[in-house]
Amino acid sequence: MTSAAAATGSSTILPQERIAEIRQAIHRHLKDHDVYSQIREIMSAHAADHVEFNPNSPEDVMKVLRERGVMQDILKSFNPASVGGPGRQVVGGAAATGPCASSGGLAALGATLSSASGRSTASFLTNALRANQKHLLIRLLGGRAFIDALDVSNPATATDTVVVHLQFGEQRFRSSPKPLTCDPGFDDDFLLQFPSTLRDLIELDTPLHLVVTRERGGTAVGSAKVATASNRSNAIAAAGNVACVLGENIMDWRRVLRNGLLNVAVELAGDNPGVPQGIVEMQLELVPFMASNSKSEEDVVFFAERTRNTSIAADREFLIYARRWWTEFHSIRAAHAQRHVKVFAQATSGRMLPVTHFVHPLQPDRVLESPDDAARFVSLINADTPDDAAREVLQGGAKHVASDRWLSPFVFLAQRHGDPVNHATLLCSLLLGFGLDAYCAIGSSALSQASTAAVMVVITRRKVTARVFDATVWNPVTGVKYALGDPAHGLRTIDCLFNDDCVLANVHESSAINFAGASGSTGAASGGVVSEREQGQVFDLCFDDETAWLPMNLLKLRLVPRIPAPPLLYVPLNVRNTEIDVEATLRTVIGNHREELSLVSAFDADLSFVLGQALSKYELARRQPGVSPCTGGGGGPTVDLGWFHQCVKGTIGDGRTFKGFPLNVNHLNERAMLAAILGQSTGRAIIECDAEDAAFAVRCKVFEFAEGVVSVWVMVACRYRSLPSMSSS
C-alpha cells in the first residue's frame, strides 16, 4: 500500500520556491504563445453575444474557456500527449489513393478507420503538430431527436444501430455504430487534413457532407447482425449490404475560422422536406489555431456568398449551353427525340448536375486488385429495383419526378444499395481508375417489349485500328461481361455515352447494334471479346468523328463545380471467426427445422472440412466470368473440381451417396440463408433428408471486399446409404 502511494507521488510536497518557478514558467509560456490575447478576444466575443455573461465571475470565465476548448489547448501546448480523454477515438479519412496511404506522418495515420483499432486523440494531435500542417478536428458530441427513426412496434429493430458518415473532399470517415435510440451517443472524433499548398483556409470551398445511416439488425434480410459474439468487432454491424439513410446535410465549415472553435447542431434533411430527421451535435476545432489566422464574420459570410454565387452562375451558364446543345441534337434528325440521351440528373440534395459529375476515376488501392474484382464488388451491392431501368430516371429531356434522382457516390457507398444507374456509375469510376477506356452507355433494352424501356451498362473499348475497337459490355448489377456482338447483354441500341469528362450523343442514322455483323457469339460464358474486324463492324465506337457522335463541350462541363470522388473504405472483418459463427448458427437453425419435422440431425465434421475447397472455386468463377464451375451448366471452360470429387469419395466411403447445395449471398443472416436453401427443391431435399445413416455437413466461406461488402458462400450437404422417402433430384 505504501509503495503504491509513493509511486503515484501523492505524498510529494513541492517547496514554495519551486512552485513560484513553475508559475513563472507557465506565465512566460502563455505570454510567448499569445494565450492571454486569445482569451481576451474570446471573452469579448462571448460577452457581445451573451448579455448575461459576467466577465468578473471566475466560474463563468472558466466555463466559457472549457466550452471553447481553451483549457485543452493550454494543456496541449505544454504536453500534446495529454490531450484527448480516454475512450474517445480520432479517425482519419482515406486519401484519394486509397485507405492505405503510403506517405508517412499524419498522412499514414489519416488512413486509419474508426472500425480498426482506435488511435487516441493525443497521437493524432501530436503528429499533426509535428507535421506543421493544418487540420480540422471534428468531435461528435451526440445525437438528438431521432424519433422518426424509432419503431418500437417492431421488436426486430431493437438491435439496429446508427452510423455517421462524413466526406470532406477526397477524405471519408465512418463512425463506430451506436445503438439506435432517440438520442444516439455518437462520440467519435475525426481529423481532417487541409491541403498543404493552400495559402488561406477561407478560400477552400469544399463542403462537409454528413450522412447518418441506419444499420439493420441481424433479423433483417440482406443485412448483417450487430456483433453479438465477443470475438466479433463492431465492424460486423456494417458487413451487410444494406443500410438506410436517415438524413444528410451539406454544410459550410468555414464559420470555425472566426475563433478556431465552433459548436454546431446539424439538422438532417430526409424524405420529408422541412422536417429534420434528427440532429447531430458536433464541435469543430482548427488544429493548430493562432489568433493571427482568425477571420471576421464579414469575411466568412463574404466567401460563403461568393461560393454560392459562383455555383449558381456556373449552373445557369451550363444550362443555357445544354439547351443549345439539346436543340442542335434534335435538329439533326427527327428520330433523335426517341433516343435515350441523358445530360442532367438530380442529386439527392435536389440540385441538377451534369451526368459527368456522378463518375470519377477511382483507384481502389489495396482493396480491389483487378477490373474483374471491381465488377464483382459492384454486383454484390444490392440493386433496389433491377427492372426500373425503364423508369424516368434514364429518360432525357422529360420532366423530373421524385424518383428521377441519382445518388452521389458518397451516399451510394454509405447505404450500400441503390438503383442500377448507381451501380453503373460506380463501376465506370472503378474501371477508369484501373486505366480502362470506360463509359456509361444508355440505350434501349432488347429484353423488354416496351419501346421506351431504357437500360444503362458500362462499355470499355480497346483501339485496334484507326476506326476499329474491341468493345466489352459490363452488366453492373450482375458483374457479367459480354462481347458487344453478343445479344445476351440486353442492349438493342446505344443512344448515349458518358464518363467523367465527356457526354456523347449518338447521331448515326441508326443507333442499333449490328448483331448480324458478328461472325460468332462469344457470350458471357466465354468472357472473351470479339474483334470488330471479326464481327464485321458491330458498332461504330470512333468518338473522334463528330458526324457520328455529338460531344458536349468539355470546358462547359467543367464549369459546374464538382466534389472529388470519395475513396473506398476498408472495413476490417475477422473472416475466420465470422465463418465459424455462421456455420455454428446454421447447424442450430437446420437442427431446429428438422426437429420440427421430427427428424434427427447428425453432422459430419470431416465432410464439412472437405466442402471448403469447392466454395473457393465457386467464388473464383464469379470473379472471372469466363470460367464456370462444373455444376451441370453448359458453356465455357470449367473450374476443375476433380480433387474435390475425390476428397468427397474418400471421406464418405463406399456405398454412400453425396448431395450438396451451394448458396451465394451478400449478407450474414443465417435464417435468410436457410430460407433461400429451403426455397430450392434440391436444397430442401437435402435439409429434410430422411434416410438411414444420414449425416449433414455445413461449410461457410466469406470473401470480404471494400465498404464491408461480403460474398458469402455456404454449402449444405448430406451423405446417406439409402433415401427411401426422397425422390431423386
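Criteria and thresholds
- Residues numbered from 1 in each chain as written.
- Predicted model: local features only at pLDDT ≥ 70, side-chain atom pairs only at ≥ 80, totals over all residues.
- Heavy atoms only, no water.
- Phe/Tyr/Trp six-rings, centres within 6.5 Å; stacked < 30°, edge-to-face > 60°.
- Helix = DSSP H or I, 4+ residues; strand = E, 2+ residues; numbered from the N terminus.
- Salt bridge = Lys/Arg side-chain N within 4 Å of Asp/Glu carboxyl O.
- Buried < 20%, exposed > 50% of the residue type's maximum accessible area, 1.4 Å probe, protein only.
- Pairing = 2+ DSSP bridges.
- Axes fitted to C-alpha atoms, helices over the stretch in contact; angles between N-to-C directions.
- Expected span 1.5 Å × (residues − 1).
- Contact = heavy atoms within 4.5 Å.
- Polar contact = N/O pair within 3.5 Å; in protein donor to acceptor, adjacent residues only side chain to side chain.
- Core = buried A, V, L, I, M, F, W, Y, C linked by side-chain atoms within 4.5 Å.
- Parallel < 35°, antiparallel > 145°, perpendicular 65-115°, else oblique.
- Left-handed = near helix turned anticlockwise from the far one by under 90°.
- Nonpolar A, V, L, I, M, F, W, Y, C, P; charged D, E, K, R; others polar.

With that settled, consider the packing of aromatic side chains. Within the structure shown, the criterion is met by 18 aromatic pairs. Centroid distance Phe168 to Phe194: 6.0 Å. Interplanar angle 80 degrees. Geometry classified as edge-to-face. Highlighted residues: Phe168 in strand β3 (residues 161-168) and Phe194 in the loop between β6 (189-193) and β7 (208-215), separated in sequence by 26 residues. Aromatic side chains Phe318 and Phe344 sit 5.4 Å apart centroid to centroid with 75 degrees between the ring planes, which places their arrangement in the edge-to-face category.

Before going further, it helps to examine the pattern of salt bridges. Tallying each qualifying case throughout the model produces 26 salt bridges. Of the charged contacts in the structure, one is a salt bridge between Arg467 and Asp545, with a shortest N-O distance of 3.7 Å. Taken as a pair, Arg467 in the loop between β16 (454-463) and β17 (469-474) and Asp545 in the loop between α13 (532-535) and β21 (549-551) lie far apart in primary sequence, 78 residues in all. In this structure Arg467 comes out as partly exposed when scored by relative accessible area, which is 40%. Take Asp545: its relative accessible area is 21%, and that puts it in the partly exposed class. In this structure, Arg719 and Asp604 form a salt bridge, with 3.4 Å as the shortest nitrogen-oxygen distance. With Arg719 in strand β26 (residues 710-720) and Asp604 in the loop between α15 (575-596) and α16 (605-623), the pair connects residues that are 115 residues apart, well separated along the chain.

Spatially, seven strands are ordered β18-β17-β16-β15-β19-β20-β21 in an open sheet, and the strand pairing comes out antiparallel. The open sheet terminates on both sides in strands that have one partner only, identified here as β18 (481-483) and β21. Geometrically, the sheet is characterised by an average inter-axis angle of 30 degrees between neighbouring strands, direction not taken into account. Pairing of strand β15 (residues 437-444) with strand β19 (residues 496-498), which is carried by three bridges, proceeds in the antiparallel orientation. The residue of β19 that forms the bridge with Cys440 is Phe498.

With that settled, the discussion passes to helix α11 (residues 420-433). With 14 residues, α11 extends 20 Å from end C-alpha to end C-alpha; this agrees with the ideal 20 Å at 1.5 Å per step. Of all 14 residues in α11, 14 are buried, a share of seventy percent or more. Gly435 lies just past α11 and shows a positive phi near 90 degrees.

On to the environment of Thr493, then. When you line up the elements, Thr493 lands in the loop between β18 and β19. In this structure, the C-alpha to C-alpha distance between Thr493 and Ser511, residues 18 residues apart in sequence, is 5.2 Å. When neighbours within four sequence positions are excluded, Thr493 is seen to be in contact with Gly443, Ser444, Ser511, Ala512 and Ile513. Side chain to side chain, Thr493 and Ser444 meet in a polar contact 2.6 Å long. Here Asp495 takes part through its side chain, which lies 3.4 Å from a polar atom of the side chain of Thr493.

What follows is about α16. Here α16 contains 19 residues, and its C-alpha end-to-end distance of 29 Å stays within 8% of the 27 Å for a straight helix at 1.5 Å per residue. Buried within α16 are the following residues: Leu607, Ser608, Val610, Leu611, Gly612, Ala614, Leu615, Tyr618, Glu619 and Ala621. Sitting at the amino-terminal end of α16 is Asp604, which places a side-chain oxygen 3.0 Å from the backbone nitrogen of Asp606.

Right, let's talk about the nonpolar core for a bit. Residues Phe318, Phe377, Leu426, Leu430, Phe498, Met552 and Leu568 are the most contacted members of the largest nonpolar core, which totals 75 residues. Top element by residues in this core is α11. It accounts for eight residues. Those residues in contact with Phe498 that lie beyond four places of it in its chain are Val355, Thr356, Val359, Trp406, Thr425, Tyr439, Cys440, Ile442, Met456 and Val503. Of all hydrophobic cores here, the second largest spans 37 residues; its members include Leu166, Leu201, Val256 and Leu257.

Geometrically, the link from Val287 to Pro288 is a cis peptide bond, its omega value of -10 degrees lying close to zero. Examined against the element boundaries, Pro288 turns out to sit in the loop between β10 (276-287) and α8 (297-332). Residues other than glycine seldom take positive phi values, yet Arg366 does so here, at roughly 70 degrees. On the secondary structure map, Arg366 appears in the loop between β12 (352-354) and α9 (371-379).

This part takes up the sheet that holds β26. Here we have three strands laid out as an open sheet, ordered β24-β26-β25, and antiparallel in their pairing. Each having just a single partner strand, β24 (657-665) and β25 (695-704) make up the two edges of the open sheet. Strand-to-strand twist in this sheet, taken as the mean axis angle between neighbours without regard to direction, amounts to 15 degrees. Sheet strands in contact with helix α18 (residues 670-678) are β24 and β26, and its direction is about 125 degrees off that of β24.

With respect to burial, β25 is a largely interior element, seven of its ten residues being buried. Bridging between β25 and β26 involves ten bridges; their strand directions are antiparallel. Opposite Cys700, over in β26, you have Val714 as the bridge partner. In sequence, β25 turns back onto β26 through a hairpin of five residues, with Glu707 there showing a positive phi of about 65 degrees.

What follows is about the packing of α15 against α18. Helix packing for two helices is described by the angle between their axes and how far apart those axes are. Direction vectors running N to C along α15 and α18 enclose 55 degrees, while the axes themselves pass 9 Å from each other. Taken together, α15 and α18 sit at an angle that is classed as oblique. As for how α15 packs across α18, the hand of that crossing is right-handed. Contacts between α15 and α18 pair Asp581, Val582, Thr585, Leu586, Val589, Ile590 and His593 from the former with Glu670, Arg671, Met673, Leu674 and Leu678 from the latter. Class assignment of the residues belonging to the contact of α15 with α18 gives a composition of seven nonpolar, two polar and three charged.

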